[in-house]
Amino acid sequence: MLNVPSPSFPVPNSQQRVSAGGRSKIPLKPGRSLMDWIKLKSSSKDLTGLGGRLIEVTEEELAKHNTKTDCWTCIRGLVYNVTPYMEYHPGGEEELMKAAGIDGTQLFDQVHRWVNYESMLKECLIGRMAVKHASLLKGLTSTENPKKALKNDTIASNVSEAAGKVSKPRYDWFQTDSAITIVIYTKQKNMCAEMVTVDYQEKILRGEVTVEDYSYLLLIELSHTIQDFEVFTAGCTGKIEVTLQKEDQKNWKNLGESLKGNNSFIKKSQRVDYYRRCRLASKTAINHNTRLFCFELPRCCHLQVPVGHHVYLKLTIEGIEVVKPYTPVSEDLVMDSIQSTQSNKNSIYMMIKIYTNGSFTPHIDKLEIGDYVSVSNPQGCFRMTQIEGMEDIFLVAAGTGFTPMVKILKNVLSSSSSLRKVKLIFFNKTEADILWKEQLEKLCLSDGR
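What counts as what
- Residues numbered from 1 in each chain as written.
- Predicted model: local features only at pLDDT ≥ 70, side-chain atom pairs only at ≥ 80, totals over all residues.
- Heavy atoms only, no water.
- Pairing = 2+ DSSP bridges.
- Helix = DSSP H or I, 4+ residues; strand = E, 2+ residues; numbered from the N terminus.
- Patch = residues over 30% accessible without salt bridge, like charges linked within 9 Å, V, L, I, M, F, W, Y side chains within 5 Å.
- Areas by Shrake-Rupley, 256 points an atom, 1.4 Å probe, with all protein chains shown as cover.
- Salt bridge = Lys/Arg side-chain N within 4 Å of Asp/Glu carboxyl O.
- Disulfide = S-S within 2.5 Å.
- Buried < 20%, exposed > 50% of the residue type's maximum accessible area, 1.4 Å probe, protein only.
- Axes fitted to C-alpha atoms, helices over the stretch in contact; angles between N-to-C directions.
- Contact = heavy atoms within 4.5 Å.

Engineer: I'd like a description of the sheet that holds strand β4 (residues 78-81), backed by residues and values.
Structural biologist: Pairing within the open sheet is mixed, and its five strands lie in the order β1-β5-β4-β3-β2. At either end of the open sheet lies a strand with only one pairing partner, and these are β1 (55-57) and β2 (66-67). Relative to strand β5 (residues 125-129), β1 is paired through three bridges, and the arrangement is parallel. Looking across to β5, one finds that glutamate 56 is bridged to arginine 128.

Dropping the structure here:
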């Protein structure tokens, strides 16, 4: 049986787990959808109650505004009047009231960490707390500018916290006439390419390495431009090599300028989400309401999503950044491993069900080939080592909950020597809703397990 500890997958506090754990959406009144909220935000109506004037809020003043008709809350040191948002909140008024008149940062992070609250509540901003909360230091905003991405990380305190549990990686570099090689020493056994993401744009190199529950970051503005790079990992020693191909064959006097957050080692949950823009390369119908989207990664980008992990997709819809989590899938259930490996290096595939009245999926379905969407770094903590050696594995899914199972199926069938049987119980409303029905049948015929 699939003996996976319950907190492991889906990742704690992910949309999948929160939904399954009992926090259900509340039926909203007519005219109270996300799009209705966006229209209200754009109406120039005063949603702060202060005529748009920003103030400094004391803890005593914040505590006074704790009713449904007068509700303020603080998130990462910023105070919002969420009274106008009460009837638009998918979780219901009671969820918002839990943070009425107090610092709601911790509650927000438990349930909605992936939501861009700054964009959603921009017109409700009252001002800042008079006293800086520790939560403010964890980062006020996610950003695509790598120079600012870690502006607010509490690096020093988190390094000392991490030091007692896992070893902080270190890095060095050397060069030849044609290349620069950055070596990162992690001492992490079973280090693989999926634990490393590297992005390069406008001379800025950003490399992030996952070490257990921690994130190690390199953020450097290089001395000179490069053409491309390659990433190599050594599983036995935990060594990572990032080889940069020089644009000009000249000697570099130094690697470049360290940017804010370089060489930092903090909890993954405290790292600001990083996004890169990915181009829509293709869109294929899987059934009557589900599409397979193929997004091309930027040219200088190394991103491989581990089995059982997800990413966030971000679109700007009528001025608001809307973010949703999705689990990447393989291009095909039965494609050969060589084709799969090559495909995963250049592209990322998403199987997405389109909801006619949804706040996100109709917009992603309207994207034309060549349009862009922002894709985050991988999120999650599931490891394939948790099911190594299993003889019988049972997978249970419903609808697009099938997507996390795709890579697990392919992985165990291609790499597990102990596997006898893998069984998938797949719930759907109708036979027409079954995703990749023909491919599942073909997979059964091609592999007796």
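Engineer: Got a sec to walk through a nonpolar patch on the surface? Specific residues and values, please.
Structural biologist: On the surface, Val396, Ile425 and Phe427 cluster together into a nonpolar patch covering about 290 Å² of accessible area. Tracing the chain through its elements places isoleucine 425 in strand β24 (residues 421-427).

Engineer: Mind laying out the state of the cysteines, listing which residues take part and the relevant values?
Structural biologist: Simply put, the disulfide is a covalent bond whose two ends are the sulfur atoms of two cysteines. Following the criterion strictly, the structure yields zero disulfides and no others. In this model cysteine 278 remains outside any disulfide bridge; the closest cysteine sulfur is found in cysteine 301, 6.3 Å from its own. Assessed through its relative accessible area of 0%, cysteine 278 is described here as buried.

Engineer: Report on the sheet that holds strand β6 (residues 170-175), specifying residues and quantitative values.
Structural biologist: Here four strands make up an open sheet; going across it, the order is β6-β7-β12-β11 and the pairing antiparallel. For this open sheet the edge positions go to β6 and β11 (226-234), each flanked by a neighbour on one side alone. Put simply, the sheet's adjacent strands are angled 15° from each other on average, direction ignored. Pairing analysis gives six bridges linking β6 to strand β7 (residues 179-185), with the strands arranged antiparallel. Counted as the bridge partner of aspartate 172 is valine 183 from β7.

Engineer: Please set out helix α2 (residues 34-41) residue by residue, giving values where relevant.
Structural biologist: Turning to α2, its buried residues are Met35, Trp37, Ile38, Leu40 and Lys41. Those residues of α2 hidden inside the fold are in contact with α6 (117-120), β18 (311-317), β19 (320-326) and α9 (361-365).

Engineer: Describe in detail unusual backbone geometry, supporting the description with residues and values.
Structural biologist: Its identity is not glycine, yet arginine 76 carries a phi of approximately 50°, on the positive side. Mapped onto the elements, arginine 76 comes out in the loop between β3 (70-75) and β4. Under the relative-accessibility criterion, arginine 76 is labelled buried at 10%. Notably, asparagine 263 is not glycine yet its phi reads approximately 65°, a positive angle.

Engineer: Report on the environment of phenylalanine 232, specifying residues and quantitative values.
Structural biologist: Here phenylalanine 232 is to be found in strand β11. Note on phenylalanine 232: relative accessible area 41%, which makes it partly exposed. Taking C-alpha positions, phenylalanine 232 is 9.6 Å from valine 196, a pair spaced 36 residues apart along the chain. The residues touching phenylalanine 232, leaving out its near neighbours within four places in the chain, are Lys239, Ile240, Glu241 and Thr243.

Engineer: Talk me through the pattern of salt bridges; I want residue IDs and the actual numbers.
Structural biologist: One pass over the structure, following the stated rule, counts 19 salt bridges. Put simply, glutamate 296 and arginine 279 hold a salt bridge, and the shortest N to O gap is 3.4 Å. Note that glutamate 296 is positioned in strand β16 (residues 290-296) and arginine 279 in strand β15 (residues 275-285), a separation of 17 residues in sequence. We classify glutamate 296 as partly exposed; its relative accessible area is 34%. A relative accessible area of 28% means that arginine 279 is categorised as partly exposed. Note that aspartate 365 and arginine 291 form a salt bridge whose closest N and O atoms lie 3.2 Å from each other. In this pair, aspartate 365 sits in helix α9 while arginine 291 sits in strand β16, placing the two residues 74 residues apart along the sequence.

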